[in-house]
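One-letter residues, chain by chain:
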Amino acid sequence: MKRVLTTCPYCGVGCNLYLVVGDDGRLVGVEPSVGHPVSRGQLCIKGWNAFHFVNHPDRLTHPLIRRGGRLVPASWDEALALVAGRMREIQDKHGPDSVAVFSSAKTTNEENYLAMKLTRAVFKTNNVDHCARLCHASTVAGLAATFGSGAMTNSIACVEQADLFFVIGSNTTEQHPIIGARIIQVCQNGGKLMVADNRKIRLARLADLHLRHRNGTDVALLNAMMHVIISEGLTDEEFIASRTERYEDLERLVAHYPPARAARITGLTPEEIADAARLFASADHAMIIYAMGITQHTHGVDNVRSCANLAMLTGNIGRPGTGVNPLRGQNNVQGACDMGALPDVYSGYQRVTDDAARAKFQRAWGVRGLPRDVGITSTAAIDAAAAGDLKALYVIGENPTLSHPDIRHVRTALQNLEFLAVQDIFQTTTADLADVVLPACSFAEKDGTFTSTERRVQRVRRAVSPIGESRPDWHIICEIASRAGYSGMQYDSPDAVMEEIAALTPSYGGISYSRLDGPGLQWPCPAADHQGTPVLHVGKFARGQGVFRPADYRPPAELPDDDYPFVLTTGRNYFHFHTGTMTRRSRLLHREERFPYVEISPEDARSLGIRDQQWIHVGTRRGEVRVQARVTDTAMKGVLFMPFHYVEAAANLLTINALDPEAEIPEFKVCAARVRSTP
Amino acid sequence: MKSLTLQQVQDFLRSLTSDYDVQAPIALPDGTRVLGRLDEGPLAIPGGRVDSKPTSPFFPQLDRIFAYRRGSIAMQQPVEKPLLVVGLTAEDADALTFIDEFFAAEYRDDVYFNKRDRSAVIVVSGRCGKDGGFLKIAGGDCDLEFVCDGERYVLVPYTEAGKRLAHRAPEGDEVSSIADLQAESDALPDDDRQVLERASRLLQEDRVPEEFWAEIADRCIACTACNLLCPTCTCFEVFDWTRGEQIERYRLWDSCQLAGFMREASGHNPMGEEHVRTRRRIHHKLAADRTRWGRISCSLCGRCDDVCPSGIGIKAVTREIVRRFGIEKENGPET
Ligand code: SF4
Ligand code: SF4
Ligand code: SF4
């Protein structure tokens, strides 16, 4: 028996836990880390079950190659040679930008760094992206523009220093449960809670004020709150004067959003909006907490900017217990962004269009001709594949056939590729379409680091040996690089990769494995003697002055009409994670939520004659699925909610492929739907 | 009675590894204390209750019951080396006696007794608690007790196995009595116990309304930790994995805080509502078990209060119950 300290592979909270290894070398349980500053001996149910899927019989145990239309076992040599060979061949024929790589927010920092290095240094294209495109691309764009850094401004420990929480578009107790529970505890002891979300989520039940605004009307709500704050003289004038610029732009724009106007857009009353504004402005320490409800819109970046505006207007930033706090979904989505698994930046958000940055990476990597043009996003890559412009795709640990919008379109696009390689731990529906499947190790079988939502870089440690012939992702990526003829990606261990990352990435400059034995370090950590940065923008914003970038309300791309009278919004439930490949193979998690379902309000259910647990059809212009009705007052009249975990009734068969013009994030949160109760 | 220095205790435990699978409090790198083997990390005898479930050596989170292959079943066998579990607190040992009885009742649970039979348990108590606190003396419920007088550990055996173990210990100073330590133990405040007893009576008298449970349930995030770490929680889920030609049957810690725990195949669920589940967690320990087993099945080990992210462990909830519903005590019926 032994216990190995590691980081939870599920959400961005970044709890630490011990994997308990039995005498037969298999995982037999989990123990929370008591000394860790975030976990403090506590985990949510996903953490408690994080060991379970590792040894599941469905794990991929050897490489597969498509022969005669079927995926058949092959040797690593064959599979790797095929990936490198086909990617090269296709590039020779169609140019460097005919290939793309999807990296993964589930894999480590080192692996994301290597995936972007492979794409750029070896394949000479900037076509690399990952699932942040689907979750927080709007945050990265929106906050970088206003504050100069696109990450959670404060720390999880700040929850205990706040006296008001404004939770907008985050079902915190289900998606970031340990943070959600800490909010509950603070509110038990007098903290104030304001929830803006038309689902009556757990936090809404406990809130001092619950705003059930219409989906996609956040900008109108936030602008009207700022209108009230300004007109009632509740702003932090000193902060605005000393720390920000272009306040006049905001003043001018929100003048057009009196509560009465916003009330018509949001469905709230003017009084509710004014109350919210006053409550928010009354707090000394107000924390804005948001997630996908803000970002996954065709106006996701505008939503993010509006949150940032509200914080600056009231001086709620740059101090403990305040801030604009996007909660990052995946365990390592922060790190995957930091590592430059994005089409426009190298690690540390150094722009590929910047000559100096390009020169620096060319020198370090010993290559010439790093591409100057920004690559395509993962959403654009799907469209490009459908259009025949993208020919080959190497997917590492992502499952776009379930996670991207309008998956019928995704499937057609992937089938249209000349070559698709998929690297994963289970045979996903994306892997079903692949020409080569590479079996990867899970988090329990490899070393590396994850960066949590609070920018905490922490260790992942190998607890068990690889299952079957599976290999760690970093190893596979490097093998492909060598086989593609590049000798600059040979490392003994992830440790050595982190050394390279630190040398090239200013915010990670002081990070090395020898410093990560404890609870990790929060970036920016620029030097070996720097202790990390729990709160950003203290005294000064990363970009100097914070800039107000007001946004006008724009409606979602597809609103209900006579044929499709409901709003369909999608997300996750507490027990499952994303496409469910791990959680649906974990006994207790799967048992809790076995079936695909749709939440529908009691009023709507009554008028349609639908009973709780009845199987019904939910359809949109993209398709239709059969799901169980969950009649619940969590749902607001006129709004349906569906989790996207279920392959047998994929919510993303229904969602719309409409993107934010800047962040290219899809509008998972709003499309028009109808319900059919007949078989 | 022998009394040993900490160093002697450590050497003694090490000397027992030839005959026993010794599991004792180990300090993990971040300070977490768990029951582990001596080679897993530095032995951490002082410090009070371990953070892990103290009954986990006998009832681990995941346990393989059998493997079936081509018509033959390989059942889990009794462990080769008997277990020696060191470092339970008096409360943990009390909980262990409860689950011993539970697993032996009606149907004897082989998977548990494969590990529990032939095992020995050593409680650690006295002046070696967390932050210098005093740990209650068990005075039984185990084979042997190490009672710390602040410097040395006095070996107090209760069973034949305990005597044999004590006999194997090195010769240390002889101590004739632990009366002063016992007095110190007896003088420990028992407020938590009193609150628990009063809450138990209020529950049995049905004086805690549904609204109270709804309020508490609103705060529960269903992490399941209160059950998983509780030494008297024994529920498990059974499942099979098919691996090639082999079918493996496992059991896995379960939790009554989950909707799926009692859901019937029809979809009907007697515990479908959150407040019913929250009520059950407390009610079962304080009222139902009292009726069925004649005792409260919470030994006040303190784990659920530490591990609950929402602050609704049993001590917190019972305090709240007594505060809100036990007020008539002065002039009304005795609670
Ligand atoms: S809160 Fe997130 S990181 Fe913590 S245990 Fe749950 S899933 Fe894991
Ligand atoms: S204190 Fe909590 S964990 Fe300990 S025995 Fe009582 S109910 Fe179980
Ligand atoms: S530990 Fe607390 S939050 Fe977790 S299931 Fe138990 S009562 Fe609920």
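Residues numbered from 1 in each chain as written. Chains lettered and ligands numbered in written order. Predicted model: local features only at pLDDT ≥ 70, side-chain atom pairs only at ≥ 80, totals over all residues. Heavy atoms only, no water.

1. Some thoughts on the overall build of chain A
Here is the rule we go by: Secondary structure elements follow DSSP: runs of H or I no shorter than four residues count as helices, runs of E no shorter than two count as strands, and numbering proceeds from the N terminus. We take the radius of gyration over the C-alpha atoms and set the globule estimate at 2.2 Å times the residue count to the 0.38 power. Note on classification: 1.4 Å probe, protein chains only; a residue is buried when its accessible area is under 20% of the maximum for its type, exposed when over 50%, partly exposed between these limits. Neither His nor the chain termini are counted; the positive set is Lys and Arg, and the negative set is Asp and Glu. Here the site of a charge means atom NZ of a Lys, CZ of an Arg, CG of an Asp or CD of a Glu.
Along the backbone of chain A there are 24 helices and 26 strands. The C-alpha radius of gyration computed for chain A amounts to 24 Å, which stays within 12% of the reference 26 Å derived for 679 residues, consistent with globular compactness. Expressed along its principal axes, the backbone C-alpha trace of chain A runs to roughly 70 × 65 × 55 Å. In chain A, buried positions account for 68% of the 679 residues. When the 72 basic and 74 acidic side-chain charges of chain A are each reduced to a single mean position, those positions are 3 Å apart.

2. A word on the packing of aromatic side chains
Inclusion rule: Two rings belonging to Phe, Tyr or Trp (six-membered ring only in the last case) form a pair when the distance between their centres is within 6.5 Å. Interplanar angles under 30 degrees mark stacking, angles over 60 mark edge-to-face geometry, and anything in between is tilted. Here, a charge over a ring is recorded when the distance from Lys NZ or Arg CZ to the ring centre is within 6 Å and its angle to the ring normal is within 35 degrees.
Counted under the stated rule, the structure contains 27 aromatic pairs over all chains. Considering the side-chain rings of Phe53 of chain A and Phe443 of chain A, the 6.1 Å spacing of their centres and the 35 degrees angle between planes classify their relative orientation as tilted. Of this pair, Phe53 of chain A sits in the loop between α1 (45-48) and β4 (64-67) while Phe443 of chain A is found in the loop between β16 (436-439) and β17 (448-451), placing the two residues 390 residues apart along the sequence. In terms of burial, Phe53 of chain A and Phe443 of chain A fall into one category: buried. Relative to Phe325 of chain B, the ring of Phe212 of chain B has its centre 5.4 Å away and its plane inclined at 90 degrees; by these criteria the two rings are edge-to-face. Of this pair, Phe212 of chain B sits in helix α7 (residues 210-219) while Phe325 of chain B is found in helix α11 (residues 314-325), placing the two residues 113 residues apart along the sequence. Linked through ring pairs, Phe58, Phe59, Phe98, Phe102, Phe103, Tyr112, Phe113, Phe236, Trp253 and Trp293 of chain B together constitute an aromatic cluster. The lysine or arginine in question, Arg585 of chain A, covers the ring of Phe426 of chain A, its NZ or CZ lying 4.1 Å from the ring centre. Stacked on the ring of Trp253 of chain B, the Lys or Arg Lys53 of chain B has its end atom at 4.9 Å from the ring centre.

3. Considerations on the domain arrangement of chain A
All names here are of chain A. This is how the line gets drawn: What counts as a domain boundary in this text is fixed by an automatic or database domain assignment. Two residues qualify as a contact provided that any one of their heavy atoms is within 4.5 Å of a heavy atom in the partner residue. Two parts placed together each lose some accessible area under a 1.4 Å probe, and the buried area is that loss summed for both. A carboxyl oxygen of Asp or Glu within 4 Å of a side-chain nitrogen of Lys or Arg is what we treat as a salt bridge.
As assigned here, chain A comprises domain 1 (2-55), domain 2 (64-134 + 331-439 + 468-486), domain 3 (137-327) and domain 4 (566-677). Of note, the centres of domain 1 and domain 3, computed from C-alpha atoms alone, are 33 Å apart. At the interface, eleven residues of domain 1 touch nine residues of domain 3. Note on domain 1 versus domain 3: buried area summed over both sides is about 780 Å², and carbon and sulfur give 58% of it. Taken as a group, Val13, Val38 and Arg40 account for 50% of the area that domain 1 buries against domain 3, more than any other trio of residues on that side. There are one salt bridge connecting domain 1 and domain 3. A salt bridge links Glu160 to Arg40, with the shortest nitrogen-to-oxygen separation between them at 2.8 Å.

4. A short note on the sheet that holds strand β4 (residues 62-69) of chain B
Residue and element names in this part refer to chain B. For the record, the criterion: Strand pairing is assigned whenever DSSP detects at least two bridges linking the two strands. Here an angle of 0 to 180 degrees is reported between the N-to-C directions of two axes, which are lines fitted to C-alpha atoms, with helices fitted over the stretch in contact.
Sheet architecture is open: four strands sit in the order β5-β4-β12-β11, paired in antiparallel fashion. The strands lining the two open edges of the sheet, one partner per strand, are β5 (72-75) and β11 (236-243). Within this sheet the neighbouring strands show an average axis-to-axis angle of 20 degrees, counted without direction. Note that β4 and strand β12 (residues 246-253) share seven bridges and pair antiparallel. Considered in β12, the bridge of Ala67 is made with Glu248.

5. Observations concerning the pattern of salt bridges
What the rule picks out here adds up to 66 salt bridges over all chains. Its salt-bridge partner being Glu274 of chain B, residue Arg202 of chain A comes within 2.7 Å of it at the nearest N-O pair. On the criterion of chain membership, the pair formed by Arg202 of chain A in helix α8 (residues 202-205) and Glu274 of chain B in helix α9 (residues 274-293) is interchain, its members lying in two chains. Among the residues examined, Glu274 of chain B registers a relative accessible area of 25% and is labelled partly exposed. For Glu205 of chain B, the salt bridge is made with Arg207 of chain B, and the minimal N-O distance between the two is 2.9 Å. Among the residues examined, Glu205 of chain B registers a relative accessible area of 36% and is labelled partly exposed.

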